[in-house]
Amino acid sequence: MDLRLAALFPDLLNLYGDRGNVLVLQSRARRRGIPVEVLPVGLGHPLPDADLYLLGGGEDRQQALVAPALEALRPQLEAAVRSGAVVLGVCGGYQLLGHAYYAADGSVLRGVGLLDVVTRHPGHRAPRLVGNAAVACVLDGVGTLVGFENHGGRTWLGANARPLGRVLAGFGNNGRDRTEGAWAGTVFGTYLHGPLLPKNPAFADYLLRLALRRRFGDVHLSPLDDRWEHAAHVRAAERAGVRLRGA
Amino acid sequence: MPPRVWAALTAGKLAAQLSRAFRIGGGTVVPGRVARWLAPDLLRRLARGLPHGAVVVTGTNGKTTTARLVASALRAAGLRVVHNRAGANLPAGLVSTLVLAADGGGQLRADVGVFEVDEATFPRVAGELKPRLVVLTNLFRDQLDRYAEVDRVAVGWRQALQTLGGDAVVCFNADDPQVADVARDAPRSVAFGIEDVEAGRETLEDAADVRYCYRCGVPYRYRVVFLSHVGHYTCPACGTGRPRPAVRAEAVRVAGTSGFTAELAWDGERVAVLSELPGLYNVYNVLAAAAAAHALGIPPQALLRAVQATKPAFGRGERLWWRGVLLQILLVKNPAGFNEVLRALRAEPVRSLWIAIHDRTADGRDVSWLWDVDFETVRESKAWVTVTGLRAEDLAVRLKYAGWAEDRIAVHRDLLRALEHAVAHTPAGGTLYCLPTYTAMLELRALLARQGVAVAFWED
Ligand SMILES: [Zn+2]
């Protein structure tokens, strides 16, 4: 058993320590005896065959560079998802997984449409949605998600996307409807940016199991010593103003 | 003087006395808030009273040290200097500095002002300070929760530079592509940079530091990298590259956290400097000050005296004895700065580390940046590590995934308890390296002051 993990445009989409997610998935698989191959995908390169694809966040300029490159990979990406591959988009990466991003300057970036969501930037006079956040996640066994969000765009979900969770503290997708993130099948997007997985080990393992299922069916992941991860999780929730048990 | 301005000055001075008397803060911000509220144009009004004008130092890293060097060189050249030395670099802090330097009639007891200015604040105060000289140190990712995007800061700088007077000079870091791009077209500019390629390395350490040509979007090609994305670069597509610096550092030799030697060259001049400031990043600070001195017409001897006299400030490499152990305090604010501290430490026999991570507003509330620090480069270290602060656990997780030995890491949320623990794990007479974020540094300083060490920050 092994895992193939593709990081899409890591030199452009790495605004907030996004590499933390790669390191954590890699380490958590390896400690269960599952070797991991990390495949960085550069601009203009073909999409490698992988079980899990990661997209991080970027500034407007980087995102504009990435959008057409991602668009070109759309057919391969769709085929990968049909084969059961997992896709996780964080912040800017989440926006590009949707249909479109309407920027503050009136320009439009087309997304790949793997998630039925649309993002609009309400203009630079509207406040950015910034702060610690905690979310009650709807995925089985994941529990709370904690992290930090920092986005100008407001995302709205269509009928074919479900929210990743309900906002306990913070802004979430748009600061209005108390939803955070989106998912459909094996595709996930969230505004909890950067190193999301280090302090949400349950979500990291959820994604690992789902990605391994593509080629190996249901896999049991032995528990790891997550004392520090849980402490960081509880502390992040506390900084968001949410008290979790074990605090 | 309009009564309103007199009232603002008087109230500001009173606020300073009160905040000292009652020990609320260092009196570096409150007077400015009060005075600015009463007279919003006070900054413009007071700055106009500086016969030799204002010098502004801005950028992500190195502001405090560079401004101290410039102020010291100006003093060595015989000028009276007003300087926000305590590092209060937002508008209220700038006003406080000037209010305290003015007499009751609003006359400044100074010839020239040296102001370190927060990089996002600079565009807002450039028009009021009307600086005759601006020093741009570098632009790194820092506190993105506040500045939103590095590119946004660069756009603000570009606009601010256009509002400067025709005689104003811009000193800028030629080795930082984004800074060079902002300053390239300034009518009067002095570029500075490190020439000695031996002092650098060949490749970028982390993909996060890749910089794309601001003209055509292609990654720059680097011949040498000194720190983060700072080095000798060219765009392979359009040929845009590092401007040739007028003020250069050659023969650079860094001795870990204890200082460096270098030769500085400009026009026909060449001077050898010996500095106690730690790490390669301080070569840039000295270089920036040399460029400013050159632009201001300060004689090289005055600059040399300033460099030799400038000891590391609190949190910038200062060493203090506490309970039989030497504490060396090295501020860590952002990935670029943290990486440079780690690089300097690699040259030292590190036995014990104390790292304090807070997430207050002045630290950046988002601690995601810890994952952009290359802790992997020092994982073979056998040092004891004590982590503390409001986000101690985040750092502990980061170090764990960087491959640091878990059984050598201890987590204590309380700063003092953590410090005691770290001291207990430092050999007597040895050095404990203390790496705090900004507000953790202030807390450490206050904590040591209560123990009878160090000085209160307004006395610095
Ligand atoms: Zn170019």
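The residue numbering used here restarts from 1 in each chain and proceeds along that chain's sequence as written. Key to labels: chains lettered from A, ligands numbered from 1, both in the order written. Residue-level local features of this predicted model are given only where pLDDT is at least 70; pairs of side-chain atoms are given and counted only at 80 or more, and the full residue set underlies all totals for whole chains, interfaces and linings. Hydrogens and water molecules were not included; the side-chain quantities draw on all heavy atoms of the structure.

K.L.:
What exactly am I supposed to notice about helix H11 (residues 300–309) of chain B here?
P.N.:
Helical geometry note: an α-helix holds 3.6 residues per turn, so side chains three or four residues apart project in the same direction. Burial classification: accessible surface area is computed with a 1.4 Å probe over protein chains only, and a residue below 20% of its type maximum counts as buried, one above 50% as exposed, and the rest as partly exposed. The helix count covers DSSP runs of H or I at least four residues long, the strand count covers runs of E at least two residues long, and both are numbered beginning at the N terminus. Inspection of H11 of chain B places Pro300, Ala302, Leu303, Leu304, Ala306 and Val307 of chain B among the buried residues, and these make up the whole buried set. Against the buried residues of H11 of chain B lie helix H4 (63–76), strand S10 (260–266), strand S11 (269–275) and helix H10 (281–296) of chain B. The contact definition used throughout considers only heavy atoms, calling two residues in contact when any of these lie within 4.5 Å.

K.L.:
Would you take a moment to explain the side chain of Asn334 of chain B for this structure?
P.N.:
All names here are of chain B. Examined against the element boundaries, Asn334 turns out to sit in the loop between strand S13 (325–330) and helix H12 (335–346). Side-chain atoms alone can form a polar contact between residues adjacent in sequence; in general such a contact is a pair of N or O atoms within 3.5 Å, and within protein one must be able to donate a hydrogen while the other accepts it. Here the side chain of Asn334 touches Asn61 through a polar contact of 2.7 Å, side chain to side chain. In this structure Asn334 touches Thr60, Asn61, Arg141, Asp142 and Trp369, once residues within four positions along its chain are discounted.

K.L.:
Sorry if this is basic, but what is going on with the interface of chain B and chain A here?
P.N.:
Think of interface size as the accessible area that goes away when the parts come together; that is how it is often given. On the chain A side, the residues contacting the 39 residues of chain B number 39 residues. The term salt bridge refers to a pairing of a side-chain nitrogen on Lys or Arg with a carboxyl oxygen on Asp or Glu at a separation within 4 Å. Connecting chain B to chain A are 6 salt bridges. With a shortest N-O distance of 2.8 Å, Glu229 of chain A and Lys400 of chain B are connected by a salt bridge. Across the contact surface, chain B and chain A share 19 residue pairs in polar contact (both at pLDDT 80 or more). The set of elements that each furnish at least two residues to the side of chain B that touches chain A consists of helix H7 (144–147), helix H8 (150–162), helix H13 (392–401) and strand S16 (409–411) of chain B. Here the side of chain B that touches chain A takes 7 residues from H13 of chain B, the largest share from any one element. Residue composition of the side of chain B that touches chain A, grouped by class: 17 nonpolar, 3 polar and 19 charged. Residues were grouped as follows: Ala, Val, Leu, Ile, Met, Phe, Trp, Tyr, Cys and Pro as nonpolar; Asp, Glu, Lys and Arg as charged; and all remaining residues, including Gly, as polar.

K.L.:
Before we go on, may I ask you to explain the coordination of the zinc ion in this structure?
P.N.:
Four donors placed tetrahedrally around a metal ideally meet at 109.5 degrees, and six donors placed octahedrally ideally meet at 90 or 180 degrees. Residues and elements named next belong to chain B. For Na, K and Ca the donor cut-off is 3.2 Å; for every other metal, N, O and S atoms count as donors within 2.8 Å. Water does not enter the count, which can leave sites looking incomplete. Only Cys213 (SG), Cys216 (SG), Cys235 (SG) and Cys238 (SG) from the protein reach the zinc ion as donors, at distances of 2.2 to 2.3 Å. The geometry test gives tetrahedral to four donors whose angles all lie between 85 and 135 degrees, gives square planar to four donors and octahedral to six donors whose opposite members are over 155 degrees apart with all other angles between 65 and 115, and gives irregular to the rest. With 4 donor atoms in place around the zinc ion and angles of 98 to 116° between them, the coordination shape is tetrahedral. The sequence pattern describing where the donors of the zinc ion fall on their chain is C-x2-C-x18-C-x2-C. Taken together, the residues span a long stretch of sequence, with Cys216 in the loop between strand S6 (189–194) and strand S7 (221–227) and Cys238 in the loop between strand S8 (230–234) and strand S9 (247–254) at a distance of 22 residues. In this structure Cys238 comes out as partly exposed when scored by relative accessible area, which is 39%.

K.L.:
What exactly am I supposed to notice about the nonpolar core here?
P.N.:
The nonpolar side chains of soluble globular proteins are, as a tendency, buried together. Residues Phe188 and Phe203 of chain A together with Leu435 of chain B are the most contacted members of the largest nonpolar core, which totals 106 residues. No other element matches helix H5 (residues 201–216) of chain A, which puts 8 residues into this core. If we skip the residues at most four places from it in the chain, Phe203 of chain A touches Leu88, Leu139, Val142, Leu145, Leu196 and Leu197 of chain A. Leu46, Leu98, Ala168 and Cys235 of chain B belong to the second largest nonpolar core, which has 54 residues in total. Grouping buried Ala, Val, Leu, Ile, Met, Phe, Trp, Tyr and Cys residues that are joined through side-chain atoms within 4.5 Å yields what is termed a nonpolar core.

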